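# A structural walkthrough
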Amino acid sequence: MTSIFVTAAVPIKLMILILIAGMIGAIVIAVRKVSTRQIDGGSAFLSALRLGGPLLGLLGAVLNGLWGFIGIASFGHALPLAVYAPGLAEASLVLALGLLTGVVAVICNWVVESRIDRAVLRP
């Protein structure tokens, strides 16, 4: 995974870092909400992340594919699979991280909502 990150283009690196930071942020918000009595703050971030994470991953994969197809078209003749592999790995990594970020955000959102429900419905 680190070799894919090192060879990735700068916009793809930025997307990877944003997705990883979003996952860490979602986990921190969920842990903070569960471990304290505070029930306000963070829910909007989790809701946005559960929808935006997969979309950002898809955008990164499509953007990487577009760059690859432009490169193939400008090259002119058939290339071996070894030339395509790094770009496919980058696209797969960004897409997988986007989906993973969305799943983590959904789980954290469920945890936060259940904590809020317990706090509000407790007699």
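Okay, so let's go over this structure. Just so it is clear, the model here is predicted, and its values are computed rather than measured. (Residues numbered from 1 in each chain as written. Predicted model: local features only at pLDDT ≥ 70, side-chain atom pairs only at ≥ 80, totals over all residues. Heavy atoms only, no water.)

### Details of the overall build of the chain
For the record, the criterion: Going along the chain from the N terminus, every DSSP run of H or I of four or more residues is numbered as a helix, and every run of E of two or more is numbered as a strand. A 1.4 Å probe rolled over the protein chains alone gives each residue an accessible area, and that area as a share of the maximum for its type sets the label: buried under 20%, exposed over 50%, partly exposed in between. What makes two residues a contact is simply this: any of their non-hydrogen atoms within 4.5 Å. Only the protein chains shown count as covering a residue, and every accessible area follows the Shrake-Rupley method with a 1.4 Å probe. Think of it this way: Lys and Arg go in the positive column, Asp and Glu in the negative one, and His and the chain ends go nowhere. The location of each charge is read from NZ of Lys, CZ of Arg, CG of Asp or CD of Glu.
A tally of helices and strands in the chain yields four helices and zero strands. Helices and strands appear in the chain in the N-to-C order α-α-α-α. C-alpha extents for the chain along the principal axes are approximately 70 × 20 × 20 Å. Burial statistics for the chain: of 123 residues in total, 28% are counted as buried. Taking the contacts inside the chain whose residues are at least 6 apart along the sequence as the reference set, 79% of them involve residues at least 24 apart. Surface accessibility of the chain: about 7500 Å² in total, with carbon and sulfur atoms responsible for 77%. Computed over 8 positive and 4 negative side-chain charges, the inter-centroid distance for the chain is 8 Å.

### Section: a nonpolar patch on the surface
Selection criterion: Here the term patch refers to residues with relative accessible area over 30% and no salt bridge, with like charges joined within 9 Å and nonpolar side chains (Val, Leu, Ile, Met, Phe, Trp, Tyr) within 5 Å. We define a salt bridge as a contact between a side-chain nitrogen of Lys or Arg and a carboxyl oxygen of Asp or Glu at a distance within 4 Å.
A contiguous nonpolar patch, built from Val34, Val103, Ile107, Trp110 and Val111 and spanning about 450 Å² of accessible area, is present on the exposed surface. If one sorts the elements of the nonpolar patch by residue count, helix H4 (residues 81-121) sits on top with four residues.

### Some remarks on the packing of aromatic side chains
Quick note on the threshold: Stacked, tilted and edge-to-face are the three classes applied to pairs of Phe, Tyr and Trp rings, where Trp contributes its six-membered ring and a pair requires centres within 6.5 Å; stacked means planes under 30 degrees apart, edge-to-face means over 60, and tilted covers the rest. The criterion is that NZ of a Lys, or CZ of an Arg, lies within 6 Å of the ring centre and within 35 degrees of the ring normal, and then a charge sits over that ring.
All chains considered together, the criterion is met by zero aromatic pairs. Positioned above the aromatic ring of Phe5 is the side chain of Lys13, whose terminal nitrogen or guanidinium carbon lies 5.8 Å from the ring centre.

### Considering the side chain of Thr101
As for its position among the elements, Thr101 is in helix H4. Exposure remark for Thr101: the relative accessible area of 0% places this residue in the buried category.

### With respect to helix H2 (residues 10-35)
Heads up, the rule is: In this analysis, the expected span of each helix is defined as 1.5 Å times one less than the number of residues it contains.
Spanning 26 residues, H2 covers 37 Å between terminal C-alpha atoms, matching the ideal 38 Å at 1.5 Å per step. Buried within H2 we find Ile12, Met15, Ile16, Leu19, Gly22, Met23, Gly25, Ala26, Ile29, Ala30 and Lys33. The inward-facing, buried residues of H2 abut helix H1 (2-7), helix H3 (43-75) and H4.

### Digging into the layout of surface pockets
The condition that has to hold: A pocket here means an open set of points on a 1 Å grid, computed over the protein atoms alone, that has protein on both sides within 12 Å along at least five of seven lines. A cavity is instead a set of points where a 1.4 Å probe fits but cannot get out; residues with an atom within 4 Å of a point line either one. Grid points are joined across faces, edges and corners, and a volume is the space filled by probe spheres set on the points. Classification convention: Asp, Glu, Lys, Arg as charged; Ala, Val, Leu, Ile, Met, Phe, Trp, Tyr, Cys, Pro as nonpolar; all other residues, Gly among them, as polar.
Here the largest pocket defines a volume of roughly 340 Å³. Looking at the largest pocket, it is lined by 20 residues, and the ones nearest its centre are Asn64, Gly68, Tyr84, Gly87 and Leu88. Elements with a contribution of two residues or more to the lining of the largest pocket: H3 and H4. For the lining of the largest pocket, the element with the most residues is H3, which contributes eight residues. The class makeup of the residues in the lining of the largest pocket is 13 nonpolar, six polar and one charged.

### Considerations on the packing of H2 against H3
Short version of the rule: Note on geometry: axes are C-alpha line fits, over the in-contact stretch for helices, and angles between N-to-C directions span 0 to 180 degrees. Comment on the angle field: the value is read as roughly parallel under 35 degrees, roughly antiparallel over 145, roughly perpendicular from 65 to 115, and oblique elsewhere. Note on convention: the crossing is left-handed when the near helix lies turned anticlockwise from the far helix by less than a right angle, right-handed when the turn is clockwise.
For the pair H2 and H3, the least separation of the axes is 10 Å and the interaxial angle reads 160°. Taken together, H2 and H3 sit at an angle that is classed as roughly antiparallel. The chirality of how H2 crosses H3 is left-handed. Judged by residue contacts, Pro11, Ile12, Met15, Ile18, Leu19, Gly22, Met23, Gly25, Ala26, Ile29 and Lys33 of H2 engage Ser43, Phe45, Leu46, Leu49, Gly53, Leu56, Gly57, Leu59, Gly60, Leu63, Asn64 and Trp67 from H3. Looking at the contact of H2 with H3 residue by residue, the class counts come to 15 nonpolar, seven polar and one charged.

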